[in-house]
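Coordinate inspection notes
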Amino acid sequence: MRPVVRPRRLRTTPALRRMVAETSLEARQLVLPLFVREGLEEPVPISSMPGVVQHSRSSLLAAVAEAAELGLGGVMLFGIPETKDATGSGAVDPGGVLNLAITDVVAEVGDALTVMSDLCLDEFTDHGHCGVLTPDGRVDNDRTLERYAEMALAQADAGVDMVGPSGMMDGQVAVVRAALDGADHTDVSVLAYSAKYASAFFGPFREAVDSSLVGDRRTYQQDPANGTEGVREALLDVAQGADLVMVKPALSYLDVVRRVRDAVDVPVAAYNVSGEYAMLEAAAAQGWIDREPAILEALTSIRRAGADIVLTYWAAEAARLLRS
Ligand code: PBG
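Residues numbered from 1 in each chain as written. Predicted model: local features only at pLDDT ≥ 70, side-chain atom pairs only at ≥ 80, totals over all residues. Heavy atoms only, no water.

Condition: UniProt positions are given in the numbering used here, feature names are shortened, and annotations may be inferred rather than shown by experiment.
The protein carries the name Delta-aminolevulinic acid dehydratase in an unreviewed UniProt entry, which gives Nocardioides marmotae as its organism. Under the UniProt heading Function (unreviewed entry), the note attached to the protein is "Catalyzes an early step in the biosynthesis of tetrapyrroles. Binds two molecules of 5-aminolevulinate per subunit, each at a distinct site, and catalyzes their condensation to form porphobilinogen."

Some remarks on the overall build of the protein
To be explicit about the condition: By definition, any uninterrupted DSSP run of H or I lasting at least four residues is a helix, any uninterrupted run of E lasting at least two residues is a strand, and each is numbered from the N terminus. Only protein chains enter the calculation, and the probe is 1.4 Å; a residue is then buried if its accessible area is under 20% of its type maximum, exposed if over 50%, and partly exposed in between. Here a residue-residue contact requires only that any non-hydrogen atoms of the pair lie within 4.5 Å. With residues, only the protein chains shown are counted as cover, and all accessible areas are computed by Shrake-Rupley using a 1.4 Å probe. A residue counts as positive if it is Lys or Arg and as negative if it is Asp or Glu; His and the chain ends are not included. Taken as the charge centre is NZ of Lys, CZ of Arg, CG of Asp or CD of Glu, depending on the residue.
Counting its secondary structure elements, the protein contains 11 helices and 10 strands. The principal-axis extent of the C-alpha atoms belonging to the protein is close to 75 × 45 × 40 Å. Looking at the protein as a whole, 53% of its 324 residues qualify as buried. When contacts within the protein are restricted to residue pairs at least 6 apart in sequence, those whose partners lie at least 24 apart make up 76%. Accessible surface, the protein: about 14400 Å² in total, of which carbon and sulfur atoms supply 52%. With 29 positive and 46 negative side-chain charges, the protein shows a spacing of 13 Å between the two charge centroids.

Description of the pairing of strand β1 (residues 30–37)
Basically, it comes down to this: Two strands are counted as paired when DSSP detects at least two bridges linking them.
Burial analysis of β1 places 7 of its 8 residues in the buried class, the great majority of the element. Note: β1 against strand β10 (residues 309–312), 2 bridges, orientation parallel. Bridge pairing links Leu30 to Val310 in β10. As defined by bridge partners, β1 adjoins strand β4 (residues 74–80) across 7 bridges and the pair is classed as parallel. If you follow Pro33 over to β4, its bridge partner there is Met76. Sheet topology note: the β1/strand β3 (residues 53–55) ladder contains 2 bridges and is parallel. The residue bridging Val36 from the neighbouring strand is His55, located in β3.

Here's the deal with the environment of Gln222
Checked against the element boundaries, Gln222 lands in the loop between α6 (203–208) and α7 (228–239). Expressed as a C-alpha distance, the spacing of Gln222 and Lys196, which sit 26 residues apart in the sequence, is 6.0 Å. The residues contacting Gln222, other than those within four sequence positions of it, are Met168, Ser194, Ala195, Lys196, Tyr197, Ala198, Glu229, Gly230 and Glu233.

With respect to the site of the ligand
In plain terms, the rule: When at least one non-hydrogen atom of a residue lies within 4 Å of a molecule or strand, that residue is treated as near it. The term polar contact refers here to a pair of N or O atoms within 3.5 Å; inside protein, the definition further demands a hydrogen-donor-capable atom paired with an acceptor-capable atom, and it admits residues adjacent in sequence only when both atoms are side-chain atoms. Note on residue categories: nonpolar means Ala, Val, Leu, Ile, Met, Phe, Trp, Tyr, Cys or Pro, charged means Asp, Glu, Lys or Arg, and polar means any other residue, Gly included.
Close to the ligand lie 18 residues; Asp122, Arg206, Lys248, Ser274 and Tyr313 are nearest. Lys248 has a polar side-chain atom sitting 3.1 Å from a nitrogen atom of the ligand. If the ligand stood free it would expose 410 Å²; the protein chains cover 100% of that surface. When the residues that make up the shell around the ligand are grouped by side-chain class, the tally is 8 nonpolar, 3 polar and 7 charged.

Quick word on helix α4 (residues 141–158)
For the record, the criterion: What a helix should span is 1.5 Å times the count of its residues minus one.
Taking 1.5 Å per residue, 18 residues should reach 26 Å; α4 reaches 25 Å between its end C-alpha atoms and fits that length. Of the surrounding elements, those touching the buried residues of α4 are α3 (97–109), β5 (114–119), β6 (162–165) and α5 (172–182). Where α4 begins, one side-chain oxygen reaches toward the backbone nitrogen of Asp142, 3.4 Å away; that side chain belongs to Asp140. Where α4 ends, the next residue or the one after it, Gly159, has phi of about 110°, a positive value.

With respect to the packing of helix α8 (residues 254–263) against helix α10 (residues 291–305)
Filter applied, for reference: Every axis in this analysis is a line fitted to C-alpha atoms, fitted for helices over the stretch in contact. Angles between the N-to-C directions lie between 0 and 180 degrees.
Running from N to C, α8 and α10 point in directions that differ by 35°, and their axes come no closer than 8 Å. Taking contact as the criterion, the partners of Leu254, Val257 and Arg258 in α8 are, on α10, Ser301, Ile302, Arg304 and Ala305. Looking at the contact of α8 with α10, its residues break down into 4 nonpolar, 1 polar and 2 charged.

Things to note about the packing of aromatic side chains
Selection criterion: Note on ring pairs: Phe, Tyr and Trp rings are taken, using the six-membered ring of Trp, and paired if centres are within 6.5 Å. Classes follow the plane angle, with under 30 degrees stacked, over 60 edge-to-face and the rest tilted.
Using the criterion set out here, one finds 9 aromatic pairs in the structure. On the basis of an interplanar angle of 35° and a centroid distance of 4.8 Å, the ring pair of Tyr277 and Trp314 is categorised as tilted. Linking Tyr277 in helix α9 (residues 274–285) with Trp314 in the loop between β10 and α11 (315–323), this pair joins segments that are 37 residues apart in sequence. As far as burial versus exposure is concerned, Tyr277 and Trp314 are alike and both buried.

Regarding the state of the cysteines
Threshold: Cysteine sulfur pairs qualify as disulfides if the two atoms are within 2.5 Å.
The tally for this structure, following the rule as stated, stands at 0 disulfides. Not engaged in a disulfide, the cysteine Cys120 finds its nearest cysteine sulfur in Cys130; these two sulfurs lie 3.4 Å apart. According to the relative accessible area criterion, Cys130 is buried, its value standing at 1%.

Here it is in structure tokens:
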């Protein structure tokens, strides 16, 4: 029997495939995470993330200028201080590496990019946890919230457009929102890392930020086994005033991306994390995978799952590929 229904007809030519494509991937949907390290004269490569560097203050500016020229949606800034301490003082110091970088970047790109900053203590604490500790070594949720409020104000005073609370403390979005509003920073928006999992795929990031963490983050980040709980976290964050919510990592959690997209009425972001980047780069370096199509396929899949915005270390490269 000859088939009557022939889905292949819509795959006949590139123009036809382009016309019926359900998902688009555009530069404006991509956000580039960037690392800036205090005291560097020259950028330093991150060995587990080939092509990604810890920026110096000046190389960071070249990177954001390029991101703006490429039409990316934004940049997400991470700071690595020269000295770390128990409470992460560098995070709230107006002269701290991240706060200075925010001011520099906003001066460089103005409104051409959305300038976002990581709002978390782990890069700044000597124990490497995302919060302050109790005397017996547990992460103290509510004392950490006080620190996040101060950090939000420092970042807003530095000029940031959007803060990204990523520490998975309960109530963090409400506290950050109230702190911003109480200081007349009502225009600073909040990208909530809502469903953030205790993931092995963050491995290379720990090198990227010179993390001093011993142990894991399983008392505050989510169990990879849980999807419904990810939806719950996202709904709680929306109720607390999150302007956008995020799922992280992306590729192993595409079902969570879809469920969160269907559950909330704010934009959804997904973070294509360091380990996802490293795996594909490592396979490509071996000649085991065709790098550029694999990058575009991975990013398209995250969009297809329901992410409106994708944070990815390939943002600039993908934007270039999409142009050509
Ligand atoms: C916490 C933070 C982490 C990442 C982004 N923000 C690390 C962690 O929670 O351990 C990971 C990003 C990546 O792996 O690309 N400030």
